[in-house]
Amino acid sequence: MEYPTLEADCGLSMMFDHHLDFRSDTAAWPSAEMRAAMAEAPVGDDVFGEDPTVIRLQERLAEMLGMEAALYVPSGTMANVIAARLHCRPGEEIIVEADSHLCHYEQAGYAQLSGLAARTVPGDRGVMRLGQIEGMIRPGDVHFARTRLVWLENTHNRGGGKVLPYETVESICGWAREHGLKTHLDGARLFNAVVASGIEAPRWTRHFDTVNVCFSKGLGAPVGSALAGSRADIEEARRHRKVLGGGMRQAGVIAAAALWALEHNIPRLAEDHANARRLADALGGIEALEPTAERFDTNLVFFRVDPSWGTAAALVERLAGRGVRMIATGPRTVRASLHLDIRPEDVDRAVEILGAVIAEGPP
Ligand SMILES: *Cc1c(COP(=O)(O)O)cnc(C)c1O
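Residues numbered from 1 in each chain as written. Predicted model: local features only at pLDDT ≥ 70, side-chain atom pairs only at ≥ 80, totals over all residues. Heavy atoms only, no water.

Observations concerning the overall build of the chain
Helix and strand counts for the chain stand at 15 helices and 10 strands. Its C-alpha radius of gyration of 21 Å places the chain within 12% of the 21 Å reference for a compact globule of 363 residues. The proportion of buried residues among the 363 residues of the chain is 55%. In the chain, the share of contacts with a sequence separation of at least 24, taken over all contacts with a separation of at least 6, comes to 75%. Working note: accessible area of the chain is about 15500 Å², and carbon and sulfur atoms make up 51% of it. The chain carries 38 positive and 49 negative side-chain charges, and their two centres are separated by 5 Å. (Helix = DSSP H or I, 4+ residues; strand = E, 2+ residues; numbered from the N terminus. Rg over C-alpha atoms; globule rule 2.2 N^0.38 Å. Buried < 20%, exposed > 50% of the residue type's maximum accessible area, 1.4 Å probe, protein only. Contact = heavy atoms within 4.5 Å. Areas by Shrake-Rupley, 256 points an atom, 1.4 Å probe, with all protein chains shown as cover. Lys, Arg positive; Asp, Glu negative; His and termini not counted. Charge placed at Lys NZ, Arg CZ, Asp CG, Glu CD.)

Structure representation (structure tokens):
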């Protein structure tokens with residue numbers, strides 16, 4: 001069977017070279033082998049729990065994470081909404097790092113959809129310390145929201161793809177358990193943390209009641225995330241998924257891509273990390289771009305644009321005009337994400353174009 005390739009002659013790929021799309025690791029496209037697995041997937045109706053490929057994916061992921069069960073969902077955002085609703089009732093509160101994906105990029109869904117509050121704690125590159133949160137459990141008094149859930153993110157996106165220090169996770173989650181709080185890990189990029197740290201997934205996940213992982217980022221699947229936890233929690237999560245509109249029918253067609261990614265695309269995340277290092281090292285040699293070597297651990301590279309040159313938005317616009325796509329995450333900050341469709345030579349090409357755009361001078 002023939003599948004369209006990256007070089008396919010369609011309008012979009014003519015406008016932009018997909019290999020120079022650094023905006024997000026969601027820009028990783030399904031490969032021909034992954035598409036073949038999708039085409040051949042046995043299917044059923046997943047709302048009735050009868051799709052064999054979805055069932056296999058959920059069982060395989062649960063086994064890899066060392067958790068009892070998992071649920072396939074359309075997006076990481078939905079996995080996070082479900083996790084918050086599983087653990088908390090309206091009027092309850094989540095302790096979470098201030099720069100987390102939950103607080104930045106999910107429209108305060110915990111408040112809109114679930115009636116919850118977030119108690120935010122500023123971390124260092126996304127890492128909160130136990131000492132910062134120890135006093136945060138509110139007393140059982142009618143004035144206060146009830147403290148219910150501790151929320152961590154690993155790797156931490158806005159922390160620069162930061163791998164949380166293992167001892168920090170251990171101490172915070174141990175403290176949470178001791179005090180009867182629930183724990184959730186937003187592990188959209190957990191496998192990046194596994195590959196970068198050499199610490200196996202079950203050692204990370206054992207500290208949490210629930211864990212979310214994303215298939216459509218660096219793992220290269222076109223759609224989907226999963227929420228893992230105890231059998232009872234995942235049974236309940238299925239109800240939440242349905243009311244949020246996430247019940248899917250012959251979802252095996254897309255679950256097959258996630259399954260393929262789990263089996264093939266995890267060890268190769270190390271290549272993305274090496275390419276991130278390659279990019280960060282080269283950026284250090286470009287005047288007006290601040291060296292970033294200490295600002296990344298995995299596949300996300302953040303760098304600062306010197307005010308004498310211009311804003312991050314201006315740089316991103318000029319780059320796009322030359323076919324390189326990155327995103328501005330702040331007035332002076334640009335993020336470049338590495339993923340499976342970006343090869344070392346693409347990094348070099350992007351660096352060359354970045355250097356040229358900077359040398360042309362301020363916009
Ligand atoms: C991308 C991401 C999500 C949300 O995933 P979507 O599939 O885009 O909804 C949640 N958490 C983190 C850390 C992410 O990077």
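Quick look at the site of the ligand
Close contacts around the ligand come from Ser75, Gly76, Thr77, Asn80, His101, Glu106, Glu153, Asn157, Asp186, Ala188, Arg189 and Lys217, and that covers them all. Interatomic distance of 2.8 Å between a backbone N/O atom of Gly76 and an oxygen atom of the ligand. With respect to the ligand, the side chain of Lys217 contributes an N or O atom lying 2.7 Å from an oxygen atom. When isolated, the ligand has an accessible area of 380 Å², and the protein chains bury 86% of it. Residue contributions to the shell around the ligand peak at three residues, all from helix H4 (residues 76-87). (Near = heavy atom within 4 Å. Polar contact = N/O pair within 3.5 Å; in protein donor to acceptor, adjacent residues only side chain to side chain.)

Examining the side chain of His101
By secondary structure assignment, the location of His101 is in helix H5 (residues 101-105). A distance of 2.5 Å separates the side chain of His101 from the side chain of Glu106, its partner in a polar contact. Not counting residues within four places of it along the chain, the set of residues in contact with His101 comprises Glu106, Glu153, Asn157 and Asp186.

Digging into the pairing of strand E8 (residues 300-304)
Counting buried residues in E8 gives four out of five residues, a clear majority hidden from the surface. Pairing of E8 with strand E10 (residues 333-337), which is carried by five bridges, proceeds in the antiparallel orientation. Considered in E10, the bridge of Phe303 is made with Val334. (Pairing = 2+ DSSP bridges.)

Regarding the packing of helix H3 (residues 52-65) against helix H12 (residues 252-264)
For the pair H3 and H12, interaxial distance at closest approach is 8 Å and the crossing angle is 30°. By the angle class used here, H3 and H12 are roughly parallel. The crossing of H3 and H12 is left-handed. Every residue of H12 that contacts H3 at Thr53, Val54, Arg56, Leu57, Arg60, Leu61 and Met64 is listed here: Gly252, Ala255, Ala256, Ala258, Leu259, Leu262 and Glu263. Its residues assigned to classes, the contact of H3 with H12 comprises nine nonpolar, two polar and three charged. (Axes fitted to C-alpha atoms, helices over the stretch in contact; angles between N-to-C directions. Parallel < 35°, antiparallel > 145°, perpendicular 65-115°, else oblique. Left-handed = near helix turned anticlockwise from the far one by under 90°. Nonpolar A, V, L, I, M, F, W, Y, C, P; charged D, E, K, R; others polar.)

A closer look at empty space enclosed by the protein
What the rule picks out here adds up to three cavities of 30 Å³ or more. Of the pockets and cavities examined, the largest cavity occupies roughly 70 Å³. For the lining of the largest cavity, the elements supplying multiple residues, two or more each, are strand E2 (92-97), strand E4 (146-153) and helix H8 (166-178). Per element, the largest residue contribution to the lining of the largest cavity is three residues, and it comes from E4. (1 Å grid on protein atoms, 1.4 Å probe; cavity = no way out; pocket = protein on both sides within 12 Å on 5 of 7 lines; lining within 4 Å. Points joined across faces, edges and corners; volume = space filled by probe spheres on them.)

Some words on the nonpolar core
Phe191 and Phe215 are the most contacted members of the largest nonpolar core, which has 58 residues in total. Here the element with the most residues in this core is H12; it accounts for eight residues. Other than its neighbours up to four places away in sequence, Phe215 contacts Leu57, Leu61, Tyr72, Gly220, Ala221, Val223, Gly224, Ser225, Ala226, Ala258 and Leu262. (Core = buried A, V, L, I, M, F, W, Y, C linked by side-chain atoms within 4.5 Å.)

A closer look at the domain arrangement of the chain
Each assigned domain of the chain is listed here: domain 1 (6-28 + 268-359) and domain 2 (32-264). A C-alpha centroid distance of 28 Å is found between domain 1 and domain 2. Taking both partners together, domain 1 and domain 2 bury about 1600 Å²; carbon and sulfur atoms supply 49% of that area. Counting across the domain 1 and domain 2 interface gives three salt bridges. Among the salt bridges present, the one from Lys162 reaches Asp297, with a minimum N-O distance of 3.9 Å. Counting across the interface, domain 1 meets domain 2 through five residue pairs in polar contact (both at pLDDT 80 or more). Listed by contribution, the elements that provide at least two residues to the side of domain 1 that touches domain 2 are helix H13 (269-283) and E8. Element by element, the count of residues in the side of domain 1 that touches domain 2 is highest for H13, at three residues. Residue composition of the side of domain 1 that touches domain 2, by class: seven nonpolar, five polar and six charged. (Domains from an automatic or database assignment. Buried area = accessible area lost by both parts, 1.4 Å probe. Salt bridge = Lys/Arg side-chain N within 4 Å of Asp/Glu carboxyl O.)

Re the side chain of His240
Along the chain, His240 turns up in helix H11 (residues 231-243). Relative accessible area serves as the criterion here: at 13%, His240 is assigned to the buried category. Excluding residues within four positions of it along the chain, His240 makes contact with Ile82, Arg85 and Leu86.

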